[in-house]
2 protein chains.
Amino acid sequence: MFTPATADQRFVLDHVVGIADLAATERFAAASDDVVDAVLEGVGQLAAGEWAPLLRTGDTVGAKWTPDGVVMPEGFVKAYHDYVEGGWGTIGVPEEFGGQGLPFAIQTAVLDTLGSANMGFALAPTLTVGAIEALAHHGSPAQQAQYLPHLATGEWTGTMNLTEPQAGSDVGALRTQAKPLGDGKWSIKGTKIYISFGDHDMAPNIVHLVLARTPGAPAGTKGISLFLVPKYRLNADGTPGAFNDVRVVSIEHKMGLHASPTCVLSFGDNDDCIGELIGGEFGGIRAMFTMMNNARLNVGLQGVQVAEAATQAAVGYALDRVQSPRAGSGNAEPVKIVEHPDVRRMLLRMKAQTQAARALVYYAASQVDRATLGQAGGQERLDILTPLAKAHGTDIGNEVASLGIQVHGGMGYIEETGAAQFFRDARITPIYEGTNGIQAADLVGRKLGLDNGGVFARLIADMRAEAEDVALRTLIDTCDEIGRGMAGLSADDKLAASYPFLTMLSVAVCGWLMERSGRIAATAEGDRAYLSMKVAAARFYVAQIVPEALGLKAAAMAKADVLYSVTAEAFAA
Amino acid sequence: MFTPATADQRFVLDHVVGIADLAATERFAAASDDVVDAVLEGVGQLAAGEWAPLLRTGDTVGAKWTPDGVVMPEGFVKAYHDYVEGGWGTIGVPEEFGGQGLPFAIQTAVLDTLGSANMGFALAPTLTVGAIEALAHHGSPAQQAQYLPHLATGEWTGTMNLTEPQAGSDVGALRTQAKPLGDGKWSIKGTKIYISFGDHDMAPNIVHLVLARTPGAPAGTKGISLFLVPKYRLNADGTPGAFNDVRVVSIEHKMGLHASPTCVLSFGDNDDCIGELIGGEFGGIRAMFTMMNNARLNVGLQGVQVAEAATQAAVGYALDRVQSPRAGSGNAEPVKIVEHPDVRRMLLRMKAQTQAARALVYYAASQVDRATLGQAGGQERLDILTPLAKAHGTDIGNEVASLGIQVHGGMGYIEETGAAQFFRDARITPIYEGTNGIQAADLVGRKLGLDNGGVFARLIADMRAEAEDVALRTLIDTCDEIGRGMAGLSADDKLAASYPFLTMLSVAVCGWLMERSGRIAATAEGDRAYLSMKVAAARFYVAQIVPEALGLKAAAMAKADVLYSVTAEAFAA
């Protein structure tokens, strides 16, 4: 049974996000204590009451392709409509576009809860958020007026159309064409793959944001433009009208995340697909990054979601399953398996990692708000945290889902138990929205060098100013040393060390936030069970997970030469 | 396309197993160079030609339950018969029981190849090996004469029946009953779960080895006896005759390993199930460990199998898939992804881990042979290596299968690609045959203390005498220090630290064997591509994976207090 992680969300909002500081601003004045509590509780009810019960159907039945489009499993249409009716889509949307204007960090908490209940389902609102961001930042006033109110409520959903068969992570290689029609509109033609919720039956319209090339556009990412392509063109009164020649060719047969239809979309098969330019011609990459950066945080958040869900399931099992006496206890009666030290170690690790991922992702989300407010350091902190939140958040989701199976023992491998679904669902998250390897490349190739290393240096300084534990301080120092050294390395050497370095830096940030959280929880008033667990999770994190990350030092300082000491073909030998 | 890992198998047999030393004994004189090469090549042909092509059918169609028993997917019956016809089942069986009398290490290589081609399928022969071991060591001459020749060829298959619904890892809690019939036979009644290949249509008989309680037996493991329960009773001429009231109730709907039917077996529904005692009454646990210890090595070997298969698939993809220019190369043309540093890091890690797991498991397997020969130190080294081989071998299988998905990017998440199957198949291996947590408990609770720590000390001494790298020597010293310290700890403290300690010690053993292998490969004559990869894999292992294991020191020295600083119920807070 799913229970919203309200206590930890509130704790992280208070002590990591600094929600009170945000609420003290005019822009986010709506985020009062009462409102935040009401939001967390309200979405928790929807998630536990309506979304969580559909988790298994989403997996076993899944979204289905039909010649008339994708059909969601029974119950999803209603549960989605109740999400729309409840106003949950509008949380983070600025009031000028029909939203509630609450901080992105609160929207993050809302999506956290929905996705913990049903991660695949929550991808629909998550992608809509990306479309809203792109339109809010780059759309014309007319486009914003026509589309944003419907996207803000979630009445219409949004998609991101980047990938093509020949161009996976290499967006610049895309071939979808946009030809001017002379009236300011464009004719779109091409095929896109891996389009999550590219089609479904929960909304009367779907707003596709499509990267394409205009005639004579320069090669590579420089020549890419972003187009708004609705599934149904708008009538004069703004309601969905004629079909816009966007066909769902098929959906992928994936290992998990079956509630989320991953579509192959064909635009303009009948040369009758019309799009509008968003932002200027060749402004596609910039607009894409607007969508994608926040989408990356939201994928990192999926790591939190699946970790939370897997942990709850494992804890529930361990509190119920009775097996074997506890060794060394002198008592021959079998006990609940939560009492066995190694099971407890796994559970505490799951709790600690889940909380750490939540702290990391929410902390990054809070920088979106600081950037919105124009606060000093907000945007730059967001820039450097985004690859960490995406990659390490999803790595944690996968590790915790795997531990969840292990806690269940043989039952974990049986599909009916549900632990396996989390493991299968989680595995896409280190891949999409830029593989975690690409996040690591972004960190060492772009983010470390921002402001001549100043952005990185200020993050290190903030951590160093607060961290107390010796191993944590050593980790921060080691990250500092390695990070500064990266500037002098070749591209190959940087990239060869990028992934272990990303992990070290992520753990340093998590360790910093977890140590602080443990310190606060130790003397805080409130729910003793929750607070004692926060203290234990923080202790475990700093004492065990931080030193593990120090073990990555050699890898994070290794050069590329060993990788290229063999020919490519020798890998097949 | 699957290619048998013959070069690495031969290398490990030569330089880790010491096959020449074994072949120099009378018992294993048959293991000449020519014979070993012929075995590796021959089974490679069967595996690549007949077993690998069934990998995907095994997953997508899978074994099916019918009222008349379990039916294997098309092609399996023939492929299994060709395995029997080729004599592959007889490799490791002593000549006196109709086998070829080759070393267990060679049988390990044979199963390695078959399981790399089709891991789920290879579980059928793997379990038969367990049944052979139990009968060879504990069966009466009559039982051996009646059953062993048929099991040795694989004409009949074997199963292990331990688990019951209320008794998972706690074997002592089982309830299946055996009542004496007065003629030396026993009436068996009870339900067993998780019985791999508990039923199928590839063999005319199935020999179930069943743990049960006799009337008035003491509680717990002390009161358990082992029974031989054929699916069909033998006629006077030894051929399968009347049905023995062993009914397959259902098969599990598992996340993976669909080629292997995981059965719920009901014995004696009609009070007409007859079994024979194997070994003496109450000798069940001893006999079970005979089966199980070698089965544990063979499950560790499944880690090698799935790692090998996943690595081959990922390498194949990375050598084929062209995407993005290589950063810093000055060349704007897209390259094969194997050329990108982080992809290469993943691939080299996969190679290094796969080779390390193979070295560890084959090294353990060679101790079975040394024990068979009565060589000093064989049995004790086997005892301490078994939990490492099982747990760390399977941990590596899972890590490598996950990396395999990552190398494939989005394609890795699509089932048709095949990478996902390895990931799903692998996940059971850290669970069955004693969860990896139980292996860790076995290591710290029983194995470290053998001969007052002498068994552990001699392993440490052997590693220390040969290891050269500073980090590796530090790891060995650290393991020594922690391992010796375990004796003074409480059961809780030992167990709390057991898993990280098991990983550290396993990596130390792997590092020792890999470093040696790299040293030898650097000056060896032969296939340059293979040898250069061995050198690179060894370098990577010692330089990067060994230091990672050092990062586990804090966890391996941590006490249980943090785990019990919270109530069990607080985990649900």
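Chain A is annotated in an unreviewed UniProt entry as Acyl-CoA dehydrogenase from Sphingomonas echinoides. Here chain A is described in UniProt, under the heading Sequence similarities (unreviewed entry), as follows: "Belongs to the acyl-CoA dehydrogenase family." UniProt, in its Cofactor (unreviewed entry) section for chain A, records the words "FAD".

**Quick look at the relation of the copies chain B and chain A**
Note: a rotation about an axis with an accompanying shift along it relates these two copies of the chain. Overlay of chain B on chain A (RMSD 0.0 Å): rotation 180°, translation along the axis 0.0 Å. The superposition of one copy onto the other is thereby described by a two-fold rotation axis. For chain B, the minimum C-alpha distance to the rotation axis belongs to glycine 551 of chain B and amounts to 2.0 Å.

**Focus: the nonpolar core**
Core analysis: the biggest nonpolar cluster contains 389 residues, and Phe501 of chain A together with Phe501 of chain B have the highest contact counts within it. If we ignore the near neighbours within four places in the chain, the residues touching phenylalanine 501 of chain B are Leu443, Val444, Leu448, Phe456, Cys479, Ile482, Gly483, Met486 and Ala556 of chain B.

**Topic: the interface of chain B and chain A**
Each partner contributes to the interface: chain B provides 90 residues, whereas chain A provides 90 residues. Counting the surface lost from both chain B and chain A, the interface buries some 7800 Å², and carbon and sulfur atoms represent 62% of this. At the surface where chain B touches chain A, the tally comes to 4 salt bridges. For arginine 539 of chain A, the salt bridge is made with aspartate 561 of chain B, and the minimal N-O distance between the two is 3.4 Å. The interface formed by chain B and chain A contains 36 residue pairs in polar contact (both at pLDDT 80 or more). Contributions of two or more residues to the side of chain B that touches chain A are made by strand E13 (322–325), helix H10 (341–372), helix H11 (378–408), helix H12 (419–426), helix H13 (436–447), helix H16 (491–523), helix H17 (528–550) and helix H18 (553–556) of chain B. The greatest single-element share of the side of chain B that touches chain A, amounting to 11 residues, is contributed by H17 of chain B. Looking at the side of chain B that touches chain A, its residues break down into 48 nonpolar, 22 polar and 20 charged.

**Observations concerning helix H12 (residues 419–426) of chain A**
For an α-helix, the turn length of 3.6 residues means that residues three or four places apart are oriented alike. When you tally the buried positions in H12 of chain A, you get 8 out of 8 residues, the bulk of the element. Among the residues of H12 of chain A, those classed as buried are Ala419, Ala420, Gln421, Phe422, Phe423, Arg424, Asp425 and Ala426 of chain A.

Thresholds, definitions, all that
- Residues numbered from 1 in each chain as written.
- Chains lettered and ligands numbered in written order.
- Predicted model: local features only at pLDDT ≥ 70, side-chain atom pairs only at ≥ 80, totals over all residues.
- Heavy atoms only, no water.
- UniProt positions renumbered as here; feature names shortened; annotations may be inferred.
- Least-squares fit on C-alpha atoms with pLDDT ≥ 70 in both.
- Core = buried A, V, L, I, M, F, W, Y, C linked by side-chain atoms within 4.5 Å.
- Buried < 20%, exposed > 50% of the residue type's maximum accessible area, 1.4 Å probe, protein only.
- Contact = heavy atoms within 4.5 Å.
- Buried area = accessible area lost by both parts, 1.4 Å probe.
- Salt bridge = Lys/Arg side-chain N within 4 Å of Asp/Glu carboxyl O.
- Polar contact = N/O pair within 3.5 Å; in protein donor to acceptor, adjacent residues only side chain to side chain.
- Helix = DSSP H or I, 4+ residues; strand = E, 2+ residues; numbered from the N terminus.
- Nonpolar A, V, L, I, M, F, W, Y, C, P; charged D, E, K, R; others polar.

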